[in-house]
Amino acid sequence: MKATILFADNNPDFLATRKEFLERKGYHVIPVLNTEAARSELAERNVNLAILDIRLVDDEDEKDVSGLALAKAAAYRKIPKIILTGFPTYDAVRDTLKQEPDGLPPALDFLEKKEGHEAMLIAVERALEASRRQWQSHLSFGLLLLLGALLAGVVAIIHSDPRWLIGTVILGVLFGISMWRLAVS
Amino acid sequence: MKTSFLLISDQDEPAWAEALKEALDRFGHLNIVREGQAEAEILRARHDLIIIDAAAINQPARLVSRLLALKPELRIAVAAAAPEWQETRNVLRAGAVDYFRRSPNKEELHFTIRDILVSLSLIAPWSQLIDADIGELS
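Residues numbered from 1 in each chain as written. Chains lettered and ligands numbered in written order. Predicted model: local features only at pLDDT ≥ 70, side-chain atom pairs only at ≥ 80, totals over all residues.

**As for the overall build of chain A**
Short version of the rule: Under the scheme used here, helices are H or I runs from DSSP no shorter than 4 residues and strands are E runs no shorter than 2 residues, and both carry numbers assigned from the N terminus. C-beta atoms are placed from the backbone for every residue, and two residues are taken to be in contact when these atoms lie within 7 Å.
Counting its secondary structure elements, chain A contains 6 helices and 5 strands. Helices (α) and strands (β) of chain A occur, in sequence order from the N terminus, as β-α-β-α-β-α-β-α-β-α-α. Sequence separation of 24 or more characterises 59% of the internal contacts of chain A that already satisfy a separation of 6 or more.

Set out below in structure tokens:
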């Protein structure tokens, strides 16, 4: 299945070139030119990865960190992201890749626009692979809980022991919570 | 249990080690080792935070990868006097939790260290508020 990538950049020419390149590599790309459009697409569509330019409002404004602010927004924390900029600085990299108190960085990677198409492709593949691995490990944990609940249920039936039934219910609830979290992410 | 910090530095007595010791003093104990001894020390004892002095280490990102391969649960921060964005990216991509500016100003260093400890849940966020209040009062 083709991964869907939201690409946000306020430069229409740059956006069109990168979109075309990623589509040639087999990705489905949603191009957006501003934060409002990005928020709307992120809310409505199932996006596998977001590539966000730091300065989405004004390229000349050093204080414009609208793309990074979007990456940090709680609503999109679980979506894997790559930050892209024409003006890389130490502070921007640190803000992007440093672990936040919840253990996640705002984005998985940081790229300078000058680094070109191939560097972007490598970063995209790496980010999608990391996200896939995380999803698989959550799924494995959920299935382990389900297996535990089923085993506890069998033991409860064989021994007619209500304590095992309580264990079944607890593991079942934990399984439900883990699957719900997986679905939300 | 007291929090344990490890500074990896190849300088005999790094100038800022004393300032770092002061900044960490109230939170735990700081040990200093050379790069060559780092792996043995990490296997020998538990450390809540490893700090690598980038000024004294060749390719800190490689050292971060090497140490994390040895013990994936380690939390490693790298300190540099004048951090560059590419090196910062390499270090954070390698899995370090932070790459911070090694400020010569003791107070600034103190605040930076405390922010890192709060973000890693090694100290409670309210310890920051208490200090802010003390700062305002004084």
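**What to know about the overall build of chain B**
Rules: Here the C-beta atoms are placed from the backbone, and a residue counts as buried if at least 20 other C-beta atoms lie within 10 Å of its own, exposed if 12 or fewer do, and partly exposed otherwise.
When you go through chain B residue by residue, the secondary structure sums to 6 helices and 5 strands. Looking at chain B residue by residue over its 138 residues, the buried ones come to 38%. In chain B, the proportion of contacts linking residues at least 24 apart, taken out of those at least 6 apart, comes to 62%.

**Comments concerning the interface of chain B and chain A**
Operational definition: Ten residue types, Ala, Val, Leu, Ile, Met, Phe, Trp, Tyr, Cys and Pro, are classed as nonpolar, four, Asp, Glu, Lys and Arg, as charged, and the remainder, Gly among them, as polar.
Each partner contributes to the interface: chain B provides 10 residues, whereas chain A provides 11 residues. Looking at side-chain class alone, the side of chain B that touches chain A contains 5 nonpolar, 2 polar and 3 charged residues.

**Looking at the sheet that holds strand 5 (residues 98-101) of chain B**
Residue and element names in this part refer to chain B. How we decide: Following DSSP output, two strands are said to pair if at least two bridges run between them. In this description, a line fitted to the C-alpha atoms serves as the axis of each element, helices being fitted only across the stretch in contact, and the angle between N-to-C directions of two axes falls anywhere from 0 to 180 degrees.
Reading across the sheet, the 5 strands line up as 2-1-3-4-5 and stay open at both edges, with parallel pairing between neighbours. Edge strands, defined here as strands with exactly one partner in the open sheet, are strand 2 (28-33) and strand 5. Going from strand to strand, the sheet's axes swing by 25° on average, the running direction of each strand aside.

**Quick word on unusual backbone geometry**
With a phi close to 45°, Ser160 of chain A is a non-glycine residue in the positive phi region. With respect to the helices, strands and loops of the structure, Ser160 of chain A is situated in the loop between helix 5 (116-159) and helix 6 (162-184). Residue classification places Ser160 of chain A among the exposed positions, given that 8 C-beta atoms sit within 10 Å. The phi angle at Gln59 of chain B is positive, at roughly 55°, despite the residue not being glycine. With 14 C-beta atoms counted inside 10 Å, the residue Gln59 of chain B sits in the partly exposed group.

**What about the sheet that holds strand 2 (residues 28-32) of chain A?**
All names here are of chain A. Pairing is parallel across the open sheet formed by 5 strands, whose spatial order is 2-1-3-4-5. Each of the sheet's edge strands pairs with one partner strand only, and the pair in question is strand 2 and strand 5 (109-112). Taken pair by pair, the neighbouring strands of this sheet meet at an average axis angle of 20°, ignoring direction. The pairing of strand 1 (residues 4-8) with strand 2 spans 5 bridges and is parallel. Along strand 2, the bridge assignment pairs Thr4 with His28.

**Brief notes about the nonpolar core**
Going by this rule: In these notes, a nonpolar core means any group of buried Ala, Val, Leu, Ile, Met, Phe, Trp, Tyr and Cys residues linked to one another through C-beta atoms within 7 Å.
Counting 75 residues, the largest nonpolar core has Ile82 of chain A together with Ile52, Val64, Ile76, Ala77, Val78 and Ala96 of chain B as its most contacted members. With 5 residues, strand 4 (residues 76-80) of chain B is the single largest residue contributor to this core. Other than its neighbours up to four places away in sequence, Ile82 of chain A contacts Leu49, Ile51, Ala107, Leu108, Asp109, Leu111, Ala123, Val124 and Ala127 of chain A. Ranked by size, the runner-up nonpolar core spans 5 residues in total, among them Ala149, Ala152, Leu171 and Phe175 of chain A.

**Some points on the pairing of strand 3 (residues 49-53) of chain B**
Each regular strand shows side chains that alternate between the opposite faces of the sheet. All names here are of chain B. What counts here: We call a crossover right-handed when, viewed with both strands directed away from the observer, the connection leading from the first strand over the helix to the second proceeds clockwise.
The buried fraction of strand 3 amounts to 5 of the 5 residues, a majority that puts the element mostly inside the structure. Of the two faces of strand 3, the one holding Leu49, Ile51 and Asp53 and the one holding Ile50 and Ile52 are both buried throughout. Sheet topology note: the strand 1 (residues 3-8)/strand 3 ladder contains 4 bridges and is parallel. Note that in strand 3 the partner of Ile8 across the bridge is Ile52. Of the strand pairs in this sheet, strand 3 and strand 4 are connected by 4 bridges, and their pairing is parallel. Paired with Ile50 across the bridge in strand 4 is Ile76. In the classification by handedness, the crossover that spans strand 3, the intervening helix 3 (residues 60-70) and the parallel strand 4 is right-handed.

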